[in-house]
Amino acid sequence: MKQYQHQKFLLQCAFTEFDIKAYCQNMPADTPLYLQENDLFDYPVYRRKIPLSILDGNVDTKEDFNVFLKKVKYVDELYLVDDRKCSESPFVQKHALATKKAFLWHFLQAGIPCYFAK
């Protein structure tokens, strides 16, 4: 529950306007993690994936988010992979959906083409 109190930056945006289905896309199976540097195999499309559990555990402030932006600022396609555990709690489910949409909103506002991996 501690992380929910610290993600004030993340949730202060217009994330409610997003329809998740409009941003779902099949992610190619060979999409590397965001940590891998750009290389010859990234031609013609430079794509990366990032698990939401990593973002959830590391992003509390705008500065934290900027660290991730620097790592993915040149990608052509960024896929957010929801690898978080499912909860039966309605509060946790609503918060998980809100953070998922908020991460999408922040990446799109930064000019990063971003999708949810199917």
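What counts, and at which threshold
Residues numbered from 1 in each chain as written. Predicted model: local features only at pLDDT ≥ 70, side-chain atom pairs only at ≥ 80, totals over all residues. Heavy atoms only, no water. Disulfide = S-S within 2.5 Å. Core = buried A, V, L, I, M, F, W, Y, C linked by side-chain atoms within 4.5 Å. Buried < 20%, exposed > 50% of the residue type's maximum accessible area, 1.4 Å probe, protein only. Helix = DSSP H or I, 4+ residues; strand = E, 2+ residues; numbered from the N terminus. pLDDT = per-residue confidence, 0-100.

Our next topic: the state of the cysteines. Inspection of every chain in the model, using the stated rule, returns zero disulfides. In this structure Cys-13 is not part of a disulfide, and its nearest cysteine sulfur, from Cys-114, lies 12 Å away. Unpaired in terms of disulfides, Cys-114 finds its nearest cysteine sulfur in Cys-24, a separation of 11 Å.

Counting residues in each nonpolar core, the largest one holds 28 residues, and the members touching the most others are Leu-55, Leu-78, Leu-80, Phe-103 and Phe-107. Looking at this core, the elements with two or more residues in it are helix H2 (8-11), helix H3 (52-58), helix H4 (62-72), strand E3 (77-81), helix H5 (90-109) and strand E4 (114-117). Among the elements that line this core, the one with the most residues is H5, at six residues.

Regions with low pLDDT should not have their predicted coordinates read in detail. When the pLDDT values of the protein are averaged, the result is 87; 94% of them are 70 or greater. For the protein, the element scoring lowest by mean pLDDT is helix H1 (residues 2-6), at 51; E3 scores highest, at 96.

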